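Single-letter residue listing:
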Amino acid sequence: MLSKEKTLEVVNIMAEMFPEAECELTHRNPFELVIAVALSAQATDVSVNKVTPALFEKYPTPEAFVQAPLEDIMNMIKTIGLYRNKAKNIKACCQMLIEDFGGEVPQTREELVKLPGVGRKTANVVLGDAFNVPAIAVDTHVERVSKRLRIVKQKATVLEVEEALMKKIPKDMWVKTHHRMIFFGRYHCIARQPKCETCPVFDYCQEGKSRLLKQK
DNA sequence: AACTCGGGGCA
DNA sequence: TGCCCAGAGTT
């Protein structure tokens, strides 16, 4: 496995690659962030950003979503896939926000994951981006990059990835690290065709080396 | 741990 | 055409 020191070096190199790396999901407040990130499950950030502006303009608050016709929400998010469950989750989520949390987005992980459609990953994004609470959200990019670099073993679970990153990276860097790894995974260490030939962290990457050997 | 949801993007 | 996408919920 990649050592703590080298993991930190790798993250710093990623920071140089994407100095502006931040959440690409459009959001103006914690509430919109919760909904937008929940909608992004198994969908691209690009496709989510296409539907959220109109959605939040029409339904800006939990109260508005609760009163909205389910059919209309479904129709407005139809292009992102999994839209039936997601539309129902939005309404149920908003209902719970009103009934159990006074209409405000809760600021602990235990409370956040109670919200329908909000799992550990979404909760961690909200904690980090909306409330500045240190957390590492492990999505497909973070998981893939961590495994290719052997920061964790190949068969590690999502939770094990999160724990390993928390152990190897200083707490005050958690949120930024998460964004940098996502950018790195999205634009460089791409799932199907990683750009190993031009990769700044190639020297640290076990999978990159074996992949290049295989090509010959 | 494995399975399902799902339309759109891209090769 | 086939594979995958800033996951969550259920079994």
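Criteria and cut-off values
- Per chain, the residues get numbers from 1 upward, laid out in the order the sequence is written.
- Chains and ligands are labelled by the order in which they are written, letters from A for the one and numbers from 1 for the other.
- With the structure being a predicted model, the display of local features is reserved for residues of pLDDT at least 70 and the display and counting of side-chain atom pairs for 80 or more, all residues being used for whole-chain, interface and lining totals.
- Side-chain measures were taken over the full set of non-hydrogen atoms in the model, leaving aside hydrogen atoms and water.
- Numbering of helices and strands starts at the N terminus; helices are DSSP runs of H or I of at least 4 residues and strands are runs of E of at least 2.
- To sort residues, take the accessible area from a 1.4 Å probe on protein chains only and compare it with the maximum for the residue type: under 20% means buried, over 50% means exposed, and anything in between is partly exposed.
- Residue contacts follow a heavy-atom distance rule, with two residues in contact if any of their heavy atoms lie within 4.5 Å.
- Note on areas: Shrake-Rupley with a 1.4 Å probe; residue coverage comes only from the protein chains shown.
- One heavy atom within 4 Å of a molecule or strand is enough for the residue carrying it to be called near that molecule or strand.
- Pairs of N or O atoms within 3.5 Å make up the polar contacts considered here, provided that, within protein, one atom can donate a hydrogen while the other can accept it, and that residues adjacent in sequence are counted only when both atoms are side-chain atoms.
- Any residue that is not Ala, Val, Leu, Ile, Met, Phe, Trp, Tyr, Cys, Pro, Asp, Glu, Lys or Arg is counted as polar, Gly included; the first ten are nonpolar and the last four charged.
- Each domain span listed reflects an automatic or database assignment of domains.
- When two parts are put together, the accessible area they lose, computed with a 1.4 Å probe and summed over both, is reported as buried area.
- We score Asp and Glu as negative and Lys and Arg as positive, and we do not count His or the chain ends.
- Between Lys or Arg on one side and Asp or Glu on the other, a salt bridge is scored when a side-chain nitrogen of the former is within 4 Å of a carboxyl oxygen of the latter.
- In this text, buried Ala, Val, Leu, Ile, Met, Phe, Trp, Tyr and Cys residues form a nonpolar core when linked through side-chain atoms within 4.5 Å.
- UniProt positions are given in the numbering used here, feature names are shortened, and annotations may be inferred rather than shown by experiment.

Caption draft 1: Seen up close, the overall build of chain A. Per the secondary structure count, chain A includes twelve helices and zero strands. Ordered by position from N to C terminus, the α and β elements of chain A give α-α-α-α-α-α-α-α-α-α-α-α. Along the first, second and third principal axes, the C-alpha set of chain A runs to 60 × 35 × 30 Å. The buried share of chain A, reckoned over its 216 residues, is 47%. Sequence-distant contacts, at least 24 apart, represent 58% of the contacts inside chain A between residues at least 6 apart. Here chain A has roughly 11,500 Å² of accessible surface; of this, 52% comes from carbon and sulfur atoms.

Caption draft 2: A look at the protein's contact with DNA strand B. Close contacts around DNA strand B come from Gln42, Lys50, Lys78, Thr79, Ile80, Gly81, Leu82, Tyr83, Arg84, Asn85, Thr157 and Arg192, and that covers them all. In DNA strand B, atoms within 4 Å of the protein come from the sugar-phosphate backbone in 59% of cases. Within the backbone of glutamine 42, one N or O atom sits 2.7 Å away from a base nitrogen of DNA strand B. Contacts to DNA strand B include lysine 50, whose side-chain N or O atom sits 3.4 Å from a phosphate oxygen. Per-element accounting of the surface near DNA strand B gives the leading share, three residues, to helix H6 (residues 83-101). When grouped by side-chain class, the residues that make up the surface near DNA strand B number three nonpolar, five polar and four charged.

Caption draft 3: Main features of the domain arrangement of chain A. If you check the domain split of chain A, you get domain 1 (4-19 + 136-215) and domain 2 (30-131). For domain 1 and domain 2, the distance between their C-alpha centres works out to 28 Å. Listed as interface residues are ten residues of domain 1 and, on the opposing side, nine residues of domain 2. Overall, the association of domain 1 and domain 2 removes approximately 680 Å² of surface from exposure, summing both partners, and the carbon and sulfur fraction of that is 52%. The largest per-residue losses of area from domain 1 upon contact with domain 2 belong to Ala137, Glu162 and Arg186, which jointly make up 45% of the total buried on that side.

Caption draft 4: Looking closely at the side chain of aspartate 139. Relative to the helices and strands, aspartate 139 is located in the loop between helix H8 (120-131) and helix H9 (140-148). With no salt bridge to any partner, buried aspartate 139 finds its closest opposite charge in lysine 121, at an N-O distance of 5.2 Å. Engagement of the side chain of aspartate 139 in a polar contact is seen with the backbone nitrogen of valine 142, the distance being 2.8 Å. Those residues in contact with aspartate 139 that lie beyond four places of it in its chain are Lys121 and Ile182.

Caption draft 5: Geometry of the nonpolar core. If you look at the biggest cluster of nonpolar residues, it comprises 37 residues, and the most contacted ones within it are Leu39, Phe65, Ile77, Ile90 and Leu112. Those residues within four positions of phenylalanine 65 in sequence are excluded, and the remaining contacts are Phe31, Leu55, Phe56, Tyr59, Ile73, Ile90, Lys91 and Cys94.

Caption draft 6: Inspection of the UniProt feature "binding site: [4Fe-4S] cluster" (unreviewed entry) in chain A at higher detail. UniProt tags Cys189, Cys196, Cys199 and Cys205 as "binding site: [4Fe-4S] cluster" (unreviewed entry). Maximum C-alpha separation among the annotated residues is 10.9 Å over a sequence range of 17 residues, consistent with a single clustered spot. Of the residues examined, cysteine 189 reaches a relative accessible area of 10% and is grouped as buried. Setting aside its immediate chain neighbours within four residues, cysteine 189 contacts Arg144, Val145, Arg148, Phe184 and Pro194. In this structure, cysteine 205 sits in the loop between helix H11 (174-187) and helix H12 (206-215). In this structure cysteine 205 comes out as buried when scored by relative accessible area, which is 10%.

Caption draft 7: Region of interest: the protein's contact with DNA strand C. The immediate surroundings of DNA strand C are formed by 26 residues, with Glu24, Gly117, Thr122, His141 and Ile182 found nearest. Glutamine 42 places a side-chain nitrogen or oxygen 3.3 Å from a base nitrogen of DNA strand C. Looking at the surface near DNA strand C, the elements that each hand over two or more residues are H8 and H9. Looking at the surface near DNA strand C, its residues break down into ten nonpolar, eight polar and eight charged.

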